[in-house]
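Listed here are the chains, written in short residue letters.
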Amino acid sequence: MTTTRLLQGEITDNLIIEKKGAVGWITFNDPAKHNAMSYDMWAALPGIIKMFEDDDEIRAVVLTGAGGKSFVSGANISQFEKLRTAADAVAEYERVGEEAQGSIYNCSKPVIGRIDGYCIGGGLNLSLCCDIRIASDASTFAIPAGRLGLGYRLTAIRNLVSTVGAPQALDVMLSAQRYTAQEAKAKGLIQHLVPVAELDKAVDDYLAKVVANAPITLRAGKKAIREFQKVPPHVDVEGIKQMVLACFASDDYQEGKRAFAEKRAPVFRGK
């Protein structure tokens with residue numbers, strides 16, 4: 001199998017873009033920060049997905065993390081003070097994040113998440129934009145928004161509910177609990193769970209099945225499923241958006257950031 005490195009350095013040094021035969025690979029590449037997503041990484045994703053969409057030789061896309069310890073550990077907390085505090089900065093960050101996740105979710109080609117290690121917060125959101133999630137038994141999963149005072153956009157909640165159902169989605173959000181790979185499999189957060197040593201083979205075997213299928217059939221099937229998962233028109237989208245923005249404008253959000261930086265439990269007051 002030939003491997004071609006594409007655009008490395010031209011997009012962002014923290015993303016490795018490769019073409020391996022009929023598969024396009026996106027590797028989140030900041031192991032020192034457990035592949036936490038920076039603004040530049042979010043901003044680069046739509047262009048990369050479009051490049052893969054436009055390449056007729058590519059039949060599937062894989063998202064994975066470098067370093068063997070993380071898929072993506074969440075958003076880059078060190079950028080929060082600058083990019084997720086002022087109202088206009090929060091709005092811009094939300095727009096970029098929404099566009100990035102939407103590009104993966106709406107990709108017409110099959111997208112597989114190869115998960116090994118931390119899959120937390122924004123990392124779990126990214127994985128839920130994939131069609132299939134294959135994880136090693138060394139992986140852990142959580143949405144710790146409640147420990148930070150963050151608001152979660154509607155599309156991220158849609159993806160969570162579509163994947164595990166409303167009762168399990170409520171459990172994930174309300175508890176902010178961290179789950180083992182076995183627990184995540186039981187909840188439906190991942191479809192396939194394998195030992196670490198078998199992860200690459202499991203991903204390769206699944207990709208072999210996908211790329212052997214008729215692309216036009218897969219596109220039609222995926223499109224139909226995505227249409228079925230659309231948020232109904234009567235949902236109060238604007239109201240939910242304002243609630244999310246209010247989270248970022250709250251004292252609790254400031255406390256969540258401080259507590260995280262100081263490695264202590266936050267004390268929230270609901271304001």
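Structure's up top.
In this text, all values refer to a predicted model and were calculated from it rather than measured experimentally.

Draft legend 1. Here's a closer look at the pairing of strand β4 (residues 60-65). Of all six residues in β4, six are buried, a share of seventy percent or more. Of the two faces of β4, the one lined by Ala 60, Val 62 and Thr 64 and the one lined by Val 61, Leu 63 and Gly 65 are each fully buried. Taken together, the six bridges between strand β3 (residues 23-28) and β4 define a ladder with parallel strand orientation. For Phe 28, the partnering residue across the bridge sits in β4 and is Gly 65. A crossover links β3 with its parallel partner β4, the connecting element being helix α1 (residues 39-54), and its sense is right-handed. As defined by bridge partners, β4 adjoins strand β6 (residues 111-115) across three bridges and the pair is classed as parallel. The residue of β6 that forms the bridge with Val 62 is Ile 112.

Draft legend 2. Main features of helix α5 (residues 154-164). Where α5 is concerned, the buried positions are Thr 155, Ala 156, Arg 158, Asn 159, Leu 160 and Val 164. Turning to α5, the residues buried within the fold contact α3 (87-105), α4 (122-129), α6 (166-175) and α7 (181-187).

Draft legend 3. The arrangement of the environment of Thr 180 in detail. The residue Thr 180 is located in strand β10 (residues 179-180) in this model. Those residues in contact with Thr 180 that sit more than four places away from it in its chain are Ser 139 and Phe 141.

Draft legend 4. Geometry of the nonpolar core. Formed by 53 residues in total, the largest nonpolar core has its most connected members in Leu 15, Ile 26, Phe 28, Leu 45, Leu 63, Leu 126 and Phe 141. Listed in part, the 13 residues of the second largest apolar core include Val 23, Trp 25, Ala 202 and Leu 207.

Draft legend 5. Seen up close, the sheet that holds strand β5 (residues 70-72). Within the open sheet, the four strands sit side by side as β5-β7-β9-β10. Their pairing is mixed. Edge positions in the open sheet fall to β5 and β10, since each of these has one partner strand only. The pairing of strand β9 (residues 140-142) with β10 spans two bridges and is classified as antiparallel. Along β10, the bridge assignment pairs Phe 141 with Tyr 179. Where α4 meets the sheet, its contacts fall on β5, β7 (118-120) and β9, and the angle it forms with β7 comes to roughly 90°.

Draft legend 6. Spatial organisation of helix α11 (residues 251-262). Taking 1.5 Å per residue as the helical rise, α11 with its twelve residues ought to reach 16 Å, and the 16 Å between its terminal C-alpha atoms agrees with that figure. Residues of α11 that are buried: Asp 252, Tyr 253, Glu 255, Gly 256, Lys 257 and Ala 259. Directly beyond the C-terminal end of α11, a positive phi value near 55° is found at Lys 263.

Draft legend 7. Layout of the pairing of strand β2 (residues 15-20). Among the six residues that make up β2, five are buried, leaving the element largely enclosed by the rest of the structure. Here β2 runs beside β3; their pairing, made up of six bridges, is antiparallel. Across the sheet, Glu 18 pairs through a bridge with Trp 25, a residue of β3.

Draft legend 8. Broad picture of the pattern of salt bridges. Throughout the structure, instances matching the rule amount to 17 salt bridges. Notably, a salt bridge pairs Lys 19 with Glu 57, separated by 2.5 Å at the nearest N-O pair. Of the two residues, Lys 19 is situated in strand β2 and Glu 57 in the loop between α1 and β4; the sequence distance between them amounts to 38 residues. A salt bridge links Lys 222 to Asp 131; the shortest N-O distance between them is 2.8 Å. You can see Lys 222 sitting in helix α9 (residues 215-228) and its partner Asp 131 sitting in the loop between α4 and β8 (132-136), a full 91 residues away along the chain. Within the structure, one salt-bridge network assembled from shared partners comprises Glu 255, Arg 258, Glu 262 and Arg 264.

Draft legend 9. Representation of the packing of α1 against α3 in the model. The geometry of α1 relative to α3 is characterised by a closest axis approach of 8 Å and an angle of 35° between their N-to-C directions. Read as a crossing pair, α1 and α3 show a hand that is left-handed. Contacts between α1 and α3 involve Tyr 39, Trp 42, Ala 43, Leu 45, Pro 46 and Ile 49 from the former and Glu 92, Tyr 93, Val 96, Gly 97, Glu 99, Ala 100, Gln 101, Ser 103 and Ile 104 from the latter. Taken together, the residues of the contact of α1 with α3 sort by class into ten nonpolar, three polar and two charged.

Draft legend 10. Here's a closer look at the side chain of Glu 94. In this fold, Glu 94 is placed in helix α3. On the basis of relative accessible area, Glu 94 is assigned to the buried category, the value being 11%. Side chain to side chain, Glu 94 and Arg 153 meet in a polar contact 3.4 Å long.

Rules used in this analysis
Along each chain, residues carry numbers from 1 onward, in the same order as the chain's sequence is written. It should be noted that, the model being predicted, local features are given only for residues of pLDDT at least 70 and side-chain atom pairs only at 80 or more, the latter also being counted only at that level, while totals for whole chains, interfaces and linings use all residues. As a rule here, side-chain values cover all heavy atoms of the structure and leave hydrogens and water aside. Only protein chains enter the calculation, and the probe is 1.4 Å; a residue is then buried if its accessible area is under 20% of its type maximum, exposed if over 50%, and partly exposed in between. Working definition: helices are DSSP H or I runs of at least four residues, strands are E runs of at least two. Numbering for both runs from the N terminus. Only when DSSP finds a minimum of two bridges between them are two strands counted as paired. Seen with the strands pointing away from the viewer, any crossover whose path from the first strand over the helix to the second strand runs clockwise is right-handed. Here a residue-residue contact requires only that any non-hydrogen atoms of the pair lie within 4.5 Å. Only buried Ala, Val, Leu, Ile, Met, Phe, Trp, Tyr and Cys residues count toward a nonpolar core, and they belong to the same one when joined by side-chain atoms within 4.5 Å. Axis lines are fitted through C-alpha atoms, for helices just across the contact stretch, and the angle between N-to-C directions can take any value from 0 to 180 degrees. By definition here, a helix of n residues has an expected span of 1.5 Å times n minus one. The term salt bridge refers to a side-chain nitrogen of Lys or Arg lying within 4 Å of a carboxyl oxygen of Asp or Glu. A clockwise turn of the near helix away from the far one marks a right-handed crossing, whereas an anticlockwise turn of less than a right angle marks a left-handed crossing. Three classes are used: nonpolar for Ala, Val, Leu, Ile, Met, Phe, Trp, Tyr, Cys and Pro, charged for Asp, Glu, Lys and Arg, and polar for all others, with Gly counted as polar. Contacts described as polar in this section are N or O atom pairs within 3.5 Å, which, within protein, must combine one atom able to donate a hydrogen with one able to accept it, while residues neighboring in sequence count only if both atoms come from side chains.

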